[in-house]
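So you can see what is in the structure, the chains are spelled out below.
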Amino acid sequence: MAVFAEVFGTAKPVIGMVHLGALPGAPLFDASAGLEGLVRAARADLLALQAAGFDAVMFGNENDRPYEFAVDTASTATMAYVIGRLRGEITVPFGVNVLWDPSSTVALAAATGAAFVREIFTGTYASDMGPWTPDAGAAMRYRNRLGRSDCLMLYNVSAEFADSLDRRPLPDRARSAVFSSIPDAVLVSGQITGEAAALSDLEAVKRVLPKTPVLANTGVKHETVAEVLRVADGCVVGSALKVGGDTWKPVDPERAADFMGRVRAARS
């Protein structure tokens, strides 16, 4: 908990998502806008989130649908290029997530100097992308080989777009992941991007992990953030900040500012 608080600089941090546009090679990539289009859009979202007062930001490739378990090298390289172009403008701690590839996520963090990563590192799932069997041991050892033992590992223990084949209750899976895999924080998600985790799931996981940061990972909205922060040690938010609340639209500066206004009120 102490290291987590030190990295984010506040109790109950709120992490805003910078959803990069589809990357080269992905079906939705906008070749006419090219790499400069990716940089422009990411810069606008980043600056809007920082102006609104978010505690941290996270760069992710949510637009690279359909997702992959072994991401194209070009995707990771392009994400590093975009973040590198913006590096001098980032004023808050930042993290990265390359869906759904733990090794690429760790490599991207090492290349860009990210303070944290988020991924599915544990469990076995039936998913839209096929059988899903991540390897936390390999990811953490890779992080250390790259000289980034300081990079926080945020474990999403309830995968989106998937169902766990491990029939233990979620709190038991979360508690086991902390014992066996040493995450710096545990994240609880809904079924898909933008869909909220059940508050009862957050409460149950936090009850068995009183000494581990537990964050809400999806679906936190303006109307629910105060209640979420009553239970959780922070949250990740993306869709609620976008124009019209649409995951695939740009960040709306007014929605982002309103959200953080409610966060400050809840934390006080």
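You'll find the structure just up there.
Keep in mind the model is a prediction, meaning the values are calculated, not measured. (Residues numbered from 1 in each chain as written. Predicted model: local features only at pLDDT ≥ 70, side-chain atom pairs only at ≥ 80, totals over all residues. Heavy atoms only, no water.)

**Here's the deal with the pairing of strand β4 (residues 116-119)**
Now for step 1: Of the two faces of β4, both are covered, the one formed by F116 and R118 as well as the one formed by V117 and E119.
Now for step 2: Here strand β3 (residues 94-97) runs beside β4; their pairing, made up of two bridges, is parallel. Along β4, the bridge assignment pairs V96 with V117.
Now for step 3: In terms of handedness, the path from β3 via helix α4 (residues 102-112) over to β4 forms a crossover that is right-handed. (Buried < 20%, exposed > 50% of the residue type's maximum accessible area, 1.4 Å probe, protein only. Helix = DSSP H or I, 4+ residues; strand = E, 2+ residues; numbered from the N terminus. Pairing = 2+ DSSP bridges. Right-handed = clockwise from strand over helix to strand, strands pointing away.)

**A short note on the nonpolar core**
Now for step 1: V14, F54, F59 and F259 are the most contacted members of the largest nonpolar core, which has 62 residues in total.
Now for step 2: When residues of this core are assigned to their parent elements, the largest contribution, seven residues, is made by helix α2 (residues 34-52).
Now for step 3: Discounting chain neighbours no more than four positions away, the residues touching F59 are M17, V18, L20, L46, M79, I83, L86, I90, F94, G95, V96 and N97. (Core = buried A, V, L, I, M, F, W, Y, C linked by side-chain atoms within 4.5 Å. Contact = heavy atoms within 4.5 Å.)

**Things to note about the side chain of S189**
Now for step 1: The residue S189 is located in the loop between β9 (185-188) and α7 (199-208) in this model.
Now for step 2: Side-chain polar atoms of S189 contact the side chain of N217, separated by 2.9 Å.
Now for step 3: Beyond its immediate stretch of four places on either side in the chain, S189 contacts N156, S158, E160, A197, N217 and T218. (Polar contact = N/O pair within 3.5 Å; in protein donor to acceptor, adjacent residues only side chain to side chain.)

**So, α4**
Now for step 1: The complete set of buried residues in α4 reads P102, S104, T105, V106, L108, A109 and T112.
Now for step 2: Contacts from the buried residues of α4 go to α3 (73-86), β3, β4 and α5 (136-145).
Now for step 3: Of the residues flanking the start of α4, the one acting as N-cap is D101, its side-chain oxygen 3.2 Å from the backbone nitrogen of S103.
Now for step 4: Downstream of α4 by one or two residues, G113 has phi in the positive range, about 80°.

**Some words on the packing of helix α6 (residues 170-181) against α7**
Now for step 1: Viewed as axis vectors pointing N to C, α6 and α7 meet at an angle of 40°, and their least axial separation amounts to 9 Å. Taken as axis vectors, α6 and α7 run oblique relative to one another. Read as a crossing pair, α6 and α7 show a hand that is right-handed. The residues of α7 that touch α6, namely those facing L170, P171, A174 and R175, are D201, A204, V205 and V208. (Axes fitted to C-alpha atoms, helices over the stretch in contact; angles between N-to-C directions. Parallel < 35°, antiparallel > 145°, perpendicular 65-115°, else oblique. Left-handed = near helix turned anticlockwise from the far one by under 90°.)

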